[in-house]
Amino acid sequence: MVDGDRLWRRLSELAEIGKRESGGVTRLSFTDEERSAKDLVASYMEEGGLAVREDAVGNLFGRREGSDPDAPAVLVGSHVDSVYDGGNFDGPLGVLAGIEVVQAMEEGGVRTDHPVEVVAFTDEEGARFSFGMIGSRALAGHLSPGDLDHRDGDDISISEAMRDYGLDPKRVEAARRQQDSLAAYLELHIEQGRVLEAEGLPVGIVTGIAGPVWLRFSLRGESGHAGATPMNRRHDALAAAAQIVGVVEEEASSAPSAVGTVGQLETRPGGINIIPGLVDFSVDLRDIDVSVRDRVEGRIRERAEEICARRGVELGVEELQRLDPAPCSEEVRSVISEACEEVGIRPHSLPSGAGHDGMHLASLCPMGMIFVRSKGGISHNPEEWSTREDCEAGCNVLYWSVLGLAGQG
Ligand code: GLV
Ligand code: MN
Ligand code: MN
């Protein structure tokens, strides 16, 4: 079946691109690092006998024809961009495993009815523009022209970054795939949680993906002299923000499966002896049940308004992205379950707390995901780790799942 050593070697080679001193990687979208990563992946696709192309948003595809030329393709893949100082498995494993599966079929003389395409999506993480899944949104027709106005920390918009990268932002519509033009979408990914470790299993079947909402809170108080302004005369934007950060933690903790995170916070003017007048911070809220997430969000917004009103601080809340949870297809789940049996792994189902491109693909075709055990559940961290054996096991489950979905021709 698949060649676990080749998969592992390619993972290690890809990890060299955008490598940090920490051992992790930073590969943001539309940068030289992402370009180099996609070029390396394209060379692996060619080695695997795939026909390589890139679409209007930079999604990279490698295609192997099936015996039925009119059949819709089974799409397999993930992403090669990363968060800041991220790990080496989040994304690359799914892309490289997809190539490995098709290369193993090619080498083994295994034909499929449906074509199989492997994809490396553009900007899944949203690290650069606080707006993610650009490639899969475009594929599903979910990327609106206004979305390209999101800006990075250097005030460069997605449109500008695309132009610098050699893409025409006016052509994003050309990346769209038609409804039912794909037979299925399948992604192998590390779990990024601890369920499989606790179960003693290398691989799991994803039931659905929790829906994230990303918000930007902007607080405008009054900057002033840290020595000369009495405590009862202050409108300290950071003191208000600190209380709201506590509220995010409290409200998310009050619902069993909800999670809430403040990952970015900027204070201005930023002097040691100046009361902060302006604070911007992000909020990331998720739950597998959208009504729970929205209730938590409502409580946070309500309490933030009370805190700011009491402190004489102006509050603005901007929505950066909002995605509904996405259940995985029953049909794809059962194909994965049979693939697990084939490989000798007890099928075990679990939800995904992290977001994935499949959330957008689900509106085009049946969508499913396979998880590989993560060490200690650590992810978005240079310490992210899955063993060579677990990656190979996941890749074998992917092999049998692709065969199940694409049909042995
Ligand atoms: C990406 O990994 C996300 O879930 O934000
Ligand atoms: Mn990922
Ligand atoms: Mn990620």
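It should be emphasised that the depicted structure is a prediction, and the values quoted were computed from it without experimental measurement. (Residues numbered from 1 in each chain as written. Chains lettered and ligands numbered in written order. Predicted model: local features only at pLDDT ≥ 70, side-chain atom pairs only at ≥ 80, totals over all residues. Heavy atoms only, no water.)

1. Section: the nonpolar core
Going by this rule: Residues belong to one nonpolar core when they are buried, are Ala, Val, Leu, Ile, Met, Phe, Trp, Tyr or Cys, and are joined through side-chain atoms within 4.5 Å. With a 1.4 Å probe rolled over the protein chains alone, any residue whose accessible area is under 20% of its type maximum counts as buried; one over 50% counts as exposed, and the rest are partly exposed. Labels follow the DSSP assignment, with helices taken as runs of H or I lasting at least four residues and strands as runs of E lasting at least two, numbered in each case from the N terminus.
One finds V41, L75 and L398 to be the most contacted residues of the largest nonpolar core, which totals 79 residues. With 10 residues, helix α11 (residues 388-406) is the largest single contributor of residues to this core. In this structure, L215, L219, A237 and A240 belong to the second largest nonpolar core, which totals 23 residues.

2. Comments concerning the packing of aromatic side chains
Selection rule: Stacked, edge-to-face and tilted are the three classes for Phe, Tyr and Trp ring pairs, Trp counted by its six-membered ring, which pair at centre distances within 6.5 Å; planes under 30 degrees apart are stacked, over 60 edge-to-face, the rest tilted. Geometrically, a lysine NZ or arginine CZ counts as sitting over a ring once it is within 6 Å of the ring centre and also within 35 degrees of the ring normal.
Considering all chains together, one arrives at seven aromatic pairs under this definition. Ring geometry for F217 and F281: centres 5.1 Å apart, planes at 20 degrees, overall stacked. Note that F217 is positioned in strand β7 (residues 211-220) and F281 in strand β12 (residues 278-287), a separation of 64 residues in sequence. An aromatic cluster is defined as three or more aromatic residues linked by ring pairs; in this entry it consists of W8, F89 and W385. One residue, R53, lies across the ring of F61, its end atom 4.4 Å from the ring centre.

3. Digging into the coordination of the manganese ion (ligand 3)
The following threshold applies: Note: metal donors comprise N, O and S atoms at 2.8 Å or less from the metal (3.2 Å for Na, K and Ca); water molecules are not included, so apparent gaps in a site are possible.
Taken together, the protein ligands of the manganese ion (ligand 3) are D90 (OD), E125 (OE), E125 (OE) and H380 (NE2), with distances of 2.1 to 2.4 Å. For the manganese ion (ligand 3), all donor residues lie on one chain, and their spacing in sequence is D-x34-E-x254-H. In this structure, the manganese ion (ligand 3) is positioned 3.6 Å from the manganese ion (ligand 2), and both are ligated by D90. Placement of the pair is D90 in the loop between β3 (73-79) and α3 (92-108) and H380 in the loop between β16 (367-372) and α11, with a sequence separation of 290 residues.

4. Some remarks on the site of ligand 1
Worth spelling out the cut-off: Summary of the distance rule: residues count as near a molecule or strand when at least one heavy atom falls within 4 Å of that molecule or strand. Polar contacts here mean pairs of N or O atoms no more than 3.5 Å apart (in protein, one a potential hydrogen donor and the other a potential acceptor; neighbouring residues in sequence count only if both atoms are side-chain atoms). Only the protein chains shown count as covering a residue, and every accessible area follows the Shrake-Rupley method with a 1.4 Å probe.
Around ligand 1, a shell composed of E124, E125, W214, R286, A354, G355 and H380 is seen. At a separation of 2.7 Å, an oxygen atom of ligand 1 approaches a polar backbone atom of G355. Note that an oxygen atom of ligand 1 is positioned 3.2 Å from one of the side-chain N or O atoms of H380. Across the complex, the protein chains shield 92% of the 190 Å² of accessible surface that ligand 1 would expose by itself.

5. Focus on the coordination of the manganese ion (ligand 2)
Donor atoms from the polypeptide that bind the manganese ion (ligand 2) are H79 (NE2), D90 (OD) and H189 (NE2), placed at 2.1 to 2.3 Å. Positions of the donor residues of the manganese ion (ligand 2), expressed as sequence spacing, correspond to H-x10-D-x98-H.

6. Some thoughts on the packing of α3 against α11
Basically, it comes down to this: For helices, the fitted line uses only the C-alpha atoms of the stretch in contact; every axis is such a line through C-alpha atoms, and the angle between N-to-C directions lies from 0 to 180 degrees. Any angle between 65 and 115 degrees counts as roughly perpendicular, while under 35 counts as roughly parallel, over 145 as roughly antiparallel, and the rest as oblique. Note on convention: the crossing is left-handed when the near helix lies turned anticlockwise from the far helix by less than a right angle, right-handed when the turn is clockwise. By definition, residues are in contact when any of their heavy atoms lie within 4.5 Å. Three categories are distinguished: nonpolar for Ala, Val, Leu, Ile, Met, Phe, Trp, Tyr, Cys and Pro, charged for Asp, Glu, Lys and Arg, and polar for the others, with Gly belonging to the last.
Put simply, α3 and α11 touch, their axes get as near as 9 Å, and they point 60 degrees apart. With respect to their mutual orientation, α3 and α11 come out oblique. The handedness of the crossing between α3 and α11 is right-handed. Along its contact with α3, which presents L93, A97, G98, E100, V101, A104 and M105, the element α11 presents C391, C395, L398, Y399, V402 and L403. Taken together, the residues of the contact of α3 with α11 break down into 11 nonpolar, one polar and one charged.

7. Considering the environment of G221
If you trace the backbone, G221 turns up in the loop between β7 and β8 (224-225). Looking at G221, the relative accessible area reads 22%, which means it is partly exposed. Considering only alpha carbons, one finds G221 and R234, 13 residues apart in sequence, at a separation of 8.3 Å. Setting aside chain neighbours within four positions, we find G221 in contact with H235, A237, G277 and V313.

8. A short note on empty space enclosed by the protein
Our working rule: Using a grid of 1 Å spacing that covers the protein atoms alone, one calls a set of points a cavity when a 1.4 Å probe fits there but cannot get out, and a pocket when the set is open and has protein on both sides within 12 Å along at least five of seven lines; lining residues are those with an atom within 4 Å of a point. Grid points are joined across faces, edges and corners, and a volume is the space filled by probe spheres set on the points.
Across all of its chains, the model carries two cavities of 30 Å³ or more by this definition. A volume near 40 Å³ is recorded for the largest cavity. Lining the largest cavity, in full, are A138, G141, H142, L143, V172, E173 and R176. Its volume calculated, the second largest cavity comes out at about 30 Å³. What lines the second largest cavity is simply D81, S82, V83, G86, G87, D90, E125, H380 and E384.

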